[in-house]
Amino acid sequence: MKKMSYVKLSIITAVSIALCVVLPMAFHSIPNAGSIILPMHIPVLLCGLICGPFFGLLAGLAGPLLSNLFTGMPPAAFLPQMMIELAVYGLICGLMMKMIRTKKVFVDLYISLIVSIIIGRVVAGIAKALIFAPGNFTMAVWTTSYFVTGWPGIVIQLVLIPAVVFALMKAKLIPERY
Amino acid sequence: MNKLLAGRYLVGNSLLHRLDGRVKIICLLILIALVIGSRSVSSYAISVSAVCMIVLLSKLPPAYVLGPVGRLWLFFITIFLMNALFFDTLNPLYSWWIFYPSVAGIKQGFSVVVHVVLVLILSSVLTMTTSPTEVTTALESLIKPLKLIGVPTEDVAMIISIAIQFIPTLLEETEAIKMAQIARGARFESKKLKERAFSVFPLVIPIFLSAFKRADELSLAMEARGYRNAKKRTKRKKEPLSSKDYIALCICVALCLVQFLLLR
Amino acid sequence: MQITIDNLSYTYTDPSGQTVHALQSVSCSINPGDFTGIIGRTGCGKTTLILLIAGLLTPTKGHIFLDGRDINDKSYDRNLLRQSIGVVFQYPEVQLFETTVEKDVAFGLTYSRLGSKEKEDRIEWALETMGFDFEKIRKQSPLALSGGEKRRVAIAGVLAVKPKILIFDEPIAGLDPYGRQNFMELVSRLNDDGTTIIMISHNMDALAEYTKRLIVLDEGKVIQSGKTRDIFLGWGRDTRGTEPQQIASLISKGKNTLLDDVVTYDDLIFALKKQLLGVEQHE
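As the structure is a prediction and not an experimental result, all values here were calculated from the model.

Cut-offs used in this document
Residues numbered from 1 in each chain as written. Chains lettered and ligands numbered in written order. Predicted model: local features only at pLDDT ≥ 70, side-chain atom pairs only at ≥ 80, totals over all residues. Helix = DSSP H or I, 4+ residues; strand = E, 2+ residues; numbered from the N terminus. Rg over C-alpha atoms; globule rule 2.2 N^0.38 Å. Buried ≥ 20, exposed ≤ 12 C-beta atoms within 10 Å, placed from the backbone. Contact = placed C-beta atoms within 7 Å. Axes fitted to C-alpha atoms, helices over the stretch in contact; angles between N-to-C directions. Parallel < 35°, antiparallel > 145°, perpendicular 65-115°, else oblique. Nonpolar A, V, L, I, M, F, W, Y, C, P; charged D, E, K, R; others polar. pLDDT = per-residue confidence, 0-100. Pairing = 2+ DSSP bridges. Domains from an automatic or database assignment.

A.B. asks: Explain the overall build of chain A to me, please; I cannot follow it from the model alone.
C.D. replies: Helix and strand content of chain A: seven helices and zero strands. Ordered by position from N to C terminus, the α and β elements of chain A give α-α-α-α-α-α-α. The C-alpha atoms of chain A give a radius of gyration of 16 Å, which matches the 16 Å a tight globule of 178 residues would have. If one aligns the C-alpha atoms of chain A with their principal axes, the spans along those axes are about 50 × 35 × 30 Å. Expressed as a percentage of the 178 residues in chain A, the buried residues total 56%. Considering only contacts in chain A between residues 6 or more positions apart, those separated by 24 or more positions represent 65%.

This is how it looks when you write it as structure tokens:
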């Protein structure tokens, strides 16, 4: 079971998009957890890692959009920036996993995650600045503030996401990478 | 799960409810361009009155429409201050530490807030007069041109439809897993950050395992029935646009033209 | 631990906006060491009742007392509640998430005040009780096990806490007859050792053979409660009871004297022996 079929990849993407809507709801009742673990990011990153850049991009665009339609979160004001950020996550994660082959799954995952998160956050910071406060100084402020306040969530994601990938491999729901 | 699948949609029979979904989305985009293009007092007047007309035509309770705006009050203050205090570092009214309040900044801040509020109201009206299924069907139609650059739009449409169907099932499953783990002693609501952070593992890992299992089963079932991609999928019959759809489009475009001319 | 349920009601609004009265003024008690079955049609409130007893839902009205103390009182120690009551949900294997069986079973013991040696002993006991070889299974990944093994690991996870009260929601659904029998005998042994057992099930035969008391729910209300045998004997004549009761009913065909004391297969065999061979003593 080395490669998954197009159909399977499509359905996994569908499930990831659905989880973009469901996970924030599950964490909504848990105070403060939502802002810490950034629940919508997890399915998109996973989709990118497991299914590749096209599906990751799709999940990143459709996830927040559907979530807004069904639960009103994120509010429409934040929607474009979230869609851009998550789309970048999904796309870059997928590309990195295609390009990097270190023979160690752990390393592949970490490099892909870190690179995509950094690029994604920078792009999102710029997008946010362009939309809400265009101006040279403000752009720098937005981007750095986004980075600085988000780091606990990033750390948790870096531990959680590989754990999920390994669990899925152990349960034989996705093929082993090597 | 009816309430969930309705999203923010309020059933109604206003003119806006009856417009075609695709037309509404296109008009939304045109009107957003209108709003963002507002610079002078007169163009602001056009934008604001257009938005007010839309809200009236939707027959939605104003409190419901303004709800999302109200909830973001802190955000609006933040972006106003961001602009007012940092925008124009060259001609400040006075300066103190890293803050440079300026007239240009205040104007900028004000205009950004107004723009965002108006766009928020417009998109709220869209989601409140159009059910989520209608919106996704409309989007699926509108992205068809992307086929020309190689995007498999029918597959995208199928994936989104399946995603929507999974939402209620996965939500139930998530609640069940949550209960089971709480019964085992998981502490989701602890005051300690570390405990809360680690508590996500017993929730997130089983949810993904369960979701992927369902994905596995569905894809096996689909492949067993000969499914390869969505090209041969039976298409829904599309309803033709009516006169009110065309009129709506014309009005929006006309408003844009007027504003464009005013700018000159 | 004595459970006393006093005038318990649970009402909620479902997603389509309707008000659902899941439970209405339910009162009953479960004594320490009881083996109580809860039965009723789908949707009658059985799962809601056990969720309330386990403190996973808050009642709309009424109280649940554990050894005389209201579990929904602010001063009640939630940690103590989790350690005292164990719940095995339907398809418990979904709750598995750890990298090794040992760690997953240990999850419930995270907030117990046991030392690490005691914890290991408990985990070993729980896994061995569920039929595993501790040394072989402990380092394996729970996610790579077969369906049946997963379920047993999940149950071991609940057993390890050694709760005084064990609640099962349809535990034998989907098990083959051999698995069913093994499971019921295990639960019976736990009950003999003093654990109070509450079990929701649709399997009449299993309930008739093992439970001592029954609570029958219908549309959120308790319509019958009492000794298992009495309740089944009361049913035998007009509705479906246990399989032996149905057989006895078929055999007697209107004469009905055979049914007088038949609930389980043992009863049926004795009644037949009595009628046909004149055997007098019930073994």
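Once the structure has been displayed, the description carries forward.
A.B. asks: Just to check I follow, could you spell out the overall build of chain C for this structure?
C.D. replies: Counting its regular elements, chain C contains eleven helices and ten strands. Expected size for 283 residues packed as a compact globule is a radius of gyration near 19 Å; at 21 Å, chain C falls within 12% of this value. Expressed as a percentage of its 283 residues, the buried residues of chain C come to 42%.

A.B. asks: Explain the packing of helix H3 (residues 21-36) of chain B against helix H7 (residues 103-129) of chain B here, please?
C.D. replies: Relative placement of two packed helices is described by the angle separating their axes and the distance separating the axes. Residue and element names in this part refer to chain B. It is the contact of H3 with H7, at a shortest axis distance of 10 Å, that shows an interaxial angle of 170 degrees. In this view, H3 runs roughly antiparallel relative to H7, as classed from their interaxial angle. Seen from H3, the contacting residues are Lys24, Leu28, Leu31, Ile32, Val35 and Ile36; seen from H7, they are His115, Leu118, Val119, Leu122, Ser123 and Leu126. Split by residue class, the contact of H3 with H7 holds nine nonpolar, two polar and one charged.

A.B. asks: Just checking my understanding: could you explain the confidence of the model for chain C for this structure?
C.D. replies: Close inspection of predicted coordinates is inappropriate for parts of the model with low pLDDT. Here chain C averages 87 in pLDDT, while 94% of its residues score no lower than 70. Interface predicted TM-score (ipTM) for the complex: 0.91; the corresponding pTM is 0.87.

A.B. asks: Explain the sheet that holds strand E4 (residues 61-66) of chain C here, please?
C.D. replies: The strands that make up a sheet pair up through hydrogen bonds in the backbone, lying either parallel or antiparallel. All names here are of chain C. Spatial strand order, E2-E1-E4-E5: four strands in an open sheet with antiparallel pairing. Because the sheet does not close on itself, it has two edges, and the strands there are strand E2 (19-30) and strand E5 (69-70). Of the strand pairs in this sheet, strand E1 (residues 3-13) and E2 are connected by eight bridges, and their pairing is antiparallel. Bridged to Ile5 within E2 is Cys28.

A.B. asks: What am I meant to see in the interface of chain A and chain B here?
C.D. replies: Frequently, the measure chosen for interface size is the accessible area that the parts lose on association. Across the contact, 46 residues belong to chain A and 54 residues belong to chain B. Only helix H1 (6-28), helix H2 (33-37), helix H4 (53-71) and helix H7 (136-170) of chain A provide two or more residues apiece to the side of chain A that touches chain B. In terms of residues, the side of chain A that touches chain B owes the most to one element, H1(A), which gives 16 residues. Looking at the side of chain A that touches chain B, its residues break down into 39 nonpolar, six polar and one charged.

A.B. asks: Please explain the domain arrangement of chain C as it appears in this structure.
C.D. replies: All names here are of chain C. In terms of domain boundaries, chain C breaks down into domain 1 (3-235) and domain 2 (236-283). Between the C-alpha centres of domain 1 and domain 2 there is a distance of 32 Å. Where the side of domain 1 that touches domain 2 is concerned, the elements lending two or more residues are helix H8 (204-210) and helix H9 (228-235).

A.B. asks: Is there a simple way to think about the pairing of strand E9 (residues 213-218) of chain C in this case?
C.D. replies: Looking down a regular strand, the side chains alternate between one sheet face and the other. Residue and element names in this part refer to chain C. Pairing between strand E3 (residues 35-40) and E9: five bridges, direction parallel. The partner of Ile39 across the bridge, within E9, is Val216. Two strands pair when backbone bridges link them, and E9 and strand E10 (residues 221-227) are joined in this way by six bridges, in the antiparallel orientation. By the bridge assignment for E10, Leu214 is matched with Gly226. The antiparallel hairpin formed by E9 and E10 contains two residues in its connecting segment, where Glu219 sits at a positive phi of about 50 degrees.

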